[in-house]
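# What the coordinates show
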Amino acid sequence: MLDFLYQSGWGAFTVLLFFQIPFVTVFLYIVYRKSFVDSGASDTASKKMTRVETIWMSGVIGIFLLVNIVSIPYFPAISTSQAAKLDKDIQDVDVTAMSWSYEMSEREFVVGRPVRFNAKSSDTVHGFAIYHPNGRILFTMMLIPGVSKSSLIYTFKDPGTYKVRCLEYCGLAHHDMNDELVVTASSN
Amino acid sequence: MLSATTVIRNTPLFGRMFNVDTDTGLEEINAWPGLMIMISFVWLLIAGLLGVAMPVTQIFELDSSLFYGAITAHGAALAFPFTFQLMVGVSLHRAASCLGTPVTGPLPALIFWFMNIGALLLALAVLLGLNISYAVMFPLPIVGVETGQWSMGTVILGFTGIALVLVTVILLYPLQIIKMLFFDNRRDDLLLSPRSLKDPGMLGMAIAAFVLLITGLPIIIVASAVLLGLYGILPMNLITWATEPVVFQFTFFIFAHNLMEAMAIMVISAVYATLPLYLADGTRKLYSDRLANLALWILLVTSLTSFFHHFFTMFPALPAALSYHGNIMSWGTGVGAALTIFTITATIWKHGLRPDPGLMTVIMGFVLYIFDGVSAIITSNVAWSFQLHGTMWQSGHTMAVLIAMAMIWIGVFMHHYPVITGRTLNKKPGYWFVGLFTTGALGVSYSFLAAGAAGMPRRFAAWNQEGWMVYGNLILFFGLILGAGMAALAYDLYKSRLISEPAGGKSAVPAE
Ligand SMILES: [Cu+2]
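Values in this document were obtained by computation on a predicted structure and should not be read as measured data.

Scoring rules and cut-offs
Residues numbered from 1 in each chain as written. Chains lettered and ligands numbered in written order. Predicted model: local features only at pLDDT ≥ 70, side-chain atom pairs only at ≥ 80, totals over all residues. Heavy atoms only, no water. Pairing = 2+ DSSP bridges. Helix = DSSP H or I, 4+ residues; strand = E, 2+ residues; numbered from the N terminus. Axes fitted to C-alpha atoms, helices over the stretch in contact; angles between N-to-C directions. Contact = heavy atoms within 4.5 Å. Buried area = accessible area lost by both parts, 1.4 Å probe. Salt bridge = Lys/Arg side-chain N within 4 Å of Asp/Glu carboxyl O. Polar contact = N/O pair within 3.5 Å; in protein donor to acceptor, adjacent residues only side chain to side chain. Nonpolar A, V, L, I, M, F, W, Y, C, P; charged D, E, K, R; others polar. Expected span 1.5 Å × (residues − 1). Buried < 20%, exposed > 50% of the residue type's maximum accessible area, 1.4 Å probe, protein only. 1 Å grid on protein atoms, 1.4 Å probe; cavity = no way out; pocket = protein on both sides within 12 Å on 5 of 7 lines; lining within 4 Å. Points joined across faces, edges and corners; volume = space filled by probe spheres on them. Donors = N, O, S within 2.8 Å, 3.2 Å for Na, K, Ca; no water. Domains from an automatic or database assignment. Phe/Tyr/Trp six-rings, centres within 6.5 Å; stacked < 30°, edge-to-face > 60°. Lys NZ or Arg CZ within 6 Å of the ring centre and 35° of its normal.

### As for the sheet that holds strand β2 (residues 101–104) of chain A
All names here are of chain A. Here four strands make up an open sheet; going across it, the order is β2-β1-β4-β7 and the pairing mixed. Looking at the sheet topology across the chains shown, the edges are occupied by β2 and β7 (150–155). Averaged over all pairs of adjacent strands, the angle between their axes in this sheet comes to 25°, without regard to strand direction. Here six bridges tie strand β4 (residues 114–121) to β7, and the two strands are oriented antiparallel to one another. Directly across from phenylalanine 117, in β7, lies its bridge partner leucine 152.

The following block contains the structure:
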């Protein structure tokens, strides 16, 4: 469940609805009622209003904190440093992006073995996004030329052919800037 | 008669919708704002056609450079000569009528001409092939010349246009607001509804002016250096610091990010200022000015440094600590927004509303604004950013925030319409506009966000894979509904009647 929420675009979409729907329901109900049903003043005691304000604000801050604290293990900075600590056997791959292709030191990987992607751009701003065979984005990196490498560790879980796409606009053939990685099941 | 009034009168079709009333002695606060608002809608028409062009090039698999040309011009037109110019027009009228200062002299004229000539030059450069997308991904313009995608001439032309627009946004407009707030003499004949900096409406305007001025200065310096280099006035080896991609990217996003935040502060302050005028019990007072001002200050403090969220996916080139800071500050803007939601809802709950199309436009614009804010803070979480950055989610956010802000300004404009033009609007087409425009905006926005969730890249001329075309078709469909909404508004403006004319239905005109 948490993996779905924090590691996929549709998970983000679910959280989006979770925030939007209660707001729009309550807000539009109040607008409708106080405009078209009974637009007179409500004599709600100011003490009660203050209590609603406190509950609302602490609720919002509480949920914001919860959503973000639970997301921390999914930060690439955190998962990368954990993987680096736990695993000695990390496969290093150097990626250089240029208009409009990738140079990669390796394109074949094994399920379960962590891969450290070290990526940079040699001309303009490019992206390096890996798509799971099911179409989900595993991660994307932004590569600004002249900046030290972007780097993170990812461990493939499923065998298959993974698509690589550039997600930063880089000129007239931007949409043709892609590549493929092959992930095979581990030998043991 | 002022020259701005003459230009409006002589503009075919649009002139009738925005004609300034010259009988009330208020021409000095109406003419330039009226002209700016009118021209902003001309740009919206252009942006709308370009918006439709994008899915069309994809459905019929036309040449991809058409798509990239359309997206560059569409984004640039929507952000600057439409939304920003609309905001300038409405806010200058609003400021003038609240402070009793005229909008005349060289500054408003410069704002108008710089913005529109700049936008025209950029549009011309795009037509000539400068397809750099609406966010300048430096050094793409230069790399594009080296790889033969467009010529150096188009880069110089386009950058000249961008420079004129930036000078308007970062220097001229904030200086005009500051001049009116602190230096111009108050004239009682122009003062319609006195306000001071203690009012949330005025406070937000002042904050926004200073944010634009201060956070825009770095990009003005860097862009001027680059431009002087391109003109050959400065030798290229003197400006290498400015053409460093990371320098340009950071100064660009510090500005572009805070531009949006300044516009947000400005637009929320406009909601705070307009809502009380429609309270049913005649109170004309927010639930709490203190809470409203607090929300603006929270928004200011948290938004200033939350721009790091544009760079999370550079890790570790952007140190993790700065990412976390950006993440926390971005969600902090959500706390400010929650406070705003409470103040607005409590005000409506406590005092009731007199429904009116202008007010409902503001309210539905506010709903869109909050909806968009949710999508914004979600991508500003570090974990989600790695799934969503560079996808249609981001385009959806950019577009939705512009639509939401524009909708609120349109609502505020509808409120001021009788004072500016001496005519009143009709309720029925007004409500049609609110309904269609809200439906279209929500539909477009959800289509973009769902496309992003499905991994569809933004600024990407190959929709015909992985089943992404569905989202493209939905965007086109809801985009046309947005267009129908604008048509209803145009009809409403066109069919407005003189205040003195006997009305079919009774429509009360609230004071400013
Ligand atoms: Cu690229």
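The structure having been displayed, the exposition proceeds.
### Focus on the interface of chain A and chain B
Listed as interface residues are 77 residues of chain A and, on the opposing side, 86 residues of chain B. Interface area for chain A against chain B, summed over the two sides, is near 7000 Å², with a carbon-plus-sulfur share of 71%. When the buried area of chain A at its contact with chain B is split by residue, Tyr169, Leu172 and His175 of chain A rank highest and sum to 10% of it. On inspection of chain A and its partner chain B, the count reaches two salt bridges. Residue arginine 458 of chain B pairs with glutamate 168 of chain A through a salt bridge whose shortest N-O separation is 3.5 Å. Linking chain A to chain B there are 23 residue pairs in polar contact (both at pLDDT 80 or more). Sorting the residues of the side of chain A that touches chain B by element identifies α1 (2–6), α2 (9–37), α3 (46–71), α4 (76–86), β6 (137–143) and β7 of chain A as the ones contributing at least two each. Within the side of chain A that touches chain B, the residues separate by chemical class into 47 nonpolar, 23 polar and seven charged.

### As for the sheet that holds strand β8 (residues 160–165) of chain A
Residue and element names in this part refer to chain A. The strand order β3-β9-β8-β5-β6 describes an open sheet built from five strands, whose pairing is mixed. Across the chains shown, the open sheet's two edge strands, defined by having one partner strand only, are β3 (108–110) and β6. The average undirected angle you get between the axes of adjacent strands in this sheet is 25°. As paired strands, strand β5 (residues 126–131) and β6 are joined by six bridges and run antiparallel to one another. Across the sheet, residue glycine 127 finds its bridge partner in β6, namely methionine 142.

### Some details on α3 of chain A
For α3 of chain A, which comprises 26 residues, the first-to-last C-alpha distance of 38 Å matches the rise-based estimate of 38 Å (1.5 Å per residue) to within 8%. What α3 of chain A keeps buried is the set Met49, Glu53, Met57, Val60, Phe64, Val67, Asn68 and Ser71 of chain A. Those residues of α3 of chain A that are buried are in contact with α1 and α2 of chain A together with α11 (289–304), α12 (320–351), α13 (357–379) and α14 (382–388) of chain B.

### As for empty space enclosed by the protein
All names here are of chain B. Tallied over the entire structure, the rule returns three cavities of 30 Å³ or more. In this structure, the largest cavity encloses a volume near 60 Å³. For the largest cavity, the lining is made up of eleven residues, of which Arg94, Arg195, Leu277, His415 and His416 are closest to its centre. Mapped by element, the contributors of at least two residues to the lining of the largest cavity are α4 (64–99), α10 (245–274) and α15 (392–421).

### A word on the coordination of the copper ion
At 2.1 to 2.5 Å from the copper ion lie its protein donor atoms, namely His126 of chain A (ND1), Cys166 of chain A (SG), Cys170 of chain A (SG) and Met177 of chain A (SD). One chain supplies every donor for the copper ion, spaced along it as H-x39-C-x3-C-x6-M.

### A few points about the layout of surface pockets
Remark: the empty space left among the atoms is shown by a probe the size of a water molecule rolled over them. In this structure, the second largest pocket spans a volume of roughly 490 Å³. As for the second largest pocket, its lining consists of 23 residues, and the residues nearest its centre are Gln7, Ser79, Thr80, Ile153 and Tyr154 of chain A. For the lining of the second largest pocket, the secondary structure elements donating two or more residues are α4, β6 and β7 of chain A together with α14 of chain B. Considering every element that reaches the lining of the second largest pocket, the biggest residue donor is α4 of chain A, with six residues. In terms of residue class, the lining of the second largest pocket is made up of 13 nonpolar, seven polar and three charged. Both domains that meet at the lining of the second largest pocket, namely domain 1 (3–37 + 49–74) and domain 2 (88–184) of chain A, each give it at least three residues.

### Details of α12 of chain B
In this model α12 of chain B runs 47 Å from its N-terminal to its C-terminal C-alpha over 32 residues, within 8% of the 46 Å that 1.5 Å per residue would give. Just beyond α12 of chain B, the residue with positive phi is glycine 352 of chain B, at close to 75°.

### Side note on the pattern of salt bridges
Between side chains of opposite charge, pairing is possible as soon as their charged atoms come close. Residues and elements named next belong to chain B. If you walk through the whole model with that rule in mind, you get nine salt bridges over all chains. Of the charged contacts in the structure, one is a salt bridge between glutamate 28 and arginine 187, with a shortest N-O distance of 2.9 Å. With glutamate 28 in helix α3 (residues 27–59) and arginine 187 in the loop between α7 (152–183) and α8 (200–231), the pair connects residues that are 159 residues apart, well separated along the chain. Among the residues examined, glutamate 28 registers a relative accessible area of 24% and is labelled partly exposed. For arginine 187, a relative accessible area of 29% puts it in the partly exposed group. A salt bridge links aspartate 184 to lysine 179; its shortest N-O distance comes to 3.4 Å. Note on lysine 179: relative accessible area 29%, which makes it partly exposed.

### Quick notes on the domain arrangement of chain A
Segmentation of chain A into domains returns domain 1 (3–37 + 49–74) and domain 2 (88–184). Centre-to-centre, using C-alpha coordinates, domain 1 of chain A lies 34 Å away from domain 2 of chain A.

### Describing the packing of aromatic side chains
Tallied over the full model, the rule gives 44 aromatic pairs over all chains. A centroid spacing of 5.4 Å and a plane angle of 20° characterise the contact between phenylalanine 23 of chain A and phenylalanine 27 of chain A, whose relative ring orientation is stacked. Taken as a pair, phenylalanine 23 of chain A and phenylalanine 27 of chain A lie in helix α2 at a separation of four residues, close to a single helical turn. We classify phenylalanine 27 of chain A as buried; its relative accessible area is 2%. Relative to phenylalanine 128 of chain A, the ring of phenylalanine 117 of chain A has its centre 5.7 Å away and its plane inclined at 50°; by these criteria the two rings are tilted. One end of the pair, phenylalanine 117 of chain A, is in strand β4; the other, phenylalanine 128 of chain A, is in strand β5, with eleven residues separating them in the sequence. For the residue pair phenylalanine 117 of chain A and phenylalanine 128 of chain A, the accessibility class agrees, reading buried in each case. Feature note: the residues Trp10, Phe13, Phe23 and Phe27 of chain A together with Phe366, Phe371, Trp393 and Tyr446 of chain B constitute an aromatic cluster, connected by ring pairs. Lying across the ring of tyrosine 131 of chain A, arginine 165 of chain A places its NZ or CZ 4.4 Å from the centre.

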